[in-house]
Amino acid sequence: MCVVSINIPEEILLDLHENEDDFATYMKCVLAVDLYTNKKVAVR
């Protein structure tokens, strides 16, 4: 299992009109699609 932790500056979240949880969910989806398209790895 891989765990990645990043700190997102508050200014970026405010600019995107997102909160940390919504942004984390979005990035998980982006990562899953990237892994599938580039590495042919399915993420469940």
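Up top is the structure.
Everything in this summary refers to the structure shown in the same document. Values in this document were obtained by computation on a predicted structure and should not be read as measured data. (Residues numbered from 1 in each chain as written. Predicted model: local features only at pLDDT ≥ 70, side-chain atom pairs only at ≥ 80, totals over all residues. Heavy atoms only, no water.)

This part is about the overall build of the protein. Counting its secondary structure elements, the protein contains 2 helices and 0 strands. Classification of the 44 residues of the protein by burial places 5% in the buried group. Accessible surface computed for the protein: about 4400 Å², of which carbon and sulfur atoms make up 58%. (Helix = DSSP H or I, 4+ residues; strand = E, 2+ residues; numbered from the N terminus. Buried < 20%, exposed > 50% of the residue type's maximum accessible area, 1.4 Å probe, protein only. Areas by Shrake-Rupley, 256 points an atom, 1.4 Å probe, with all protein chains shown as cover.)

By the secondary structure assignment, N19 is in the loop between α1 (10-16) and α2 (20-39). Take N19: its relative accessible area is 40%, and that puts it in the partly exposed class. In this structure the side chain of N19 is engaged in a polar contact, spanning 2.8 Å, whose partner is the backbone nitrogen of D22. (Polar contact = N/O pair within 3.5 Å; in protein donor to acceptor, adjacent residues only side chain to side chain.)

Time to look at a nonpolar patch on the surface. Together, Y26, M27 and V30 line one region of the surface with nonpolar side chains, adding up to about 280 Å² of accessible area. As for its position among the elements, Y26 is in helix α2. Residue classification places Y26 among the exposed positions, given a relative accessible area of 52%. (Patch = residues over 30% accessible without salt bridge, like charges linked within 9 Å, V, L, I, M, F, W, Y side chains within 5 Å. Salt bridge = Lys/Arg side-chain N within 4 Å of Asp/Glu carboxyl O.)

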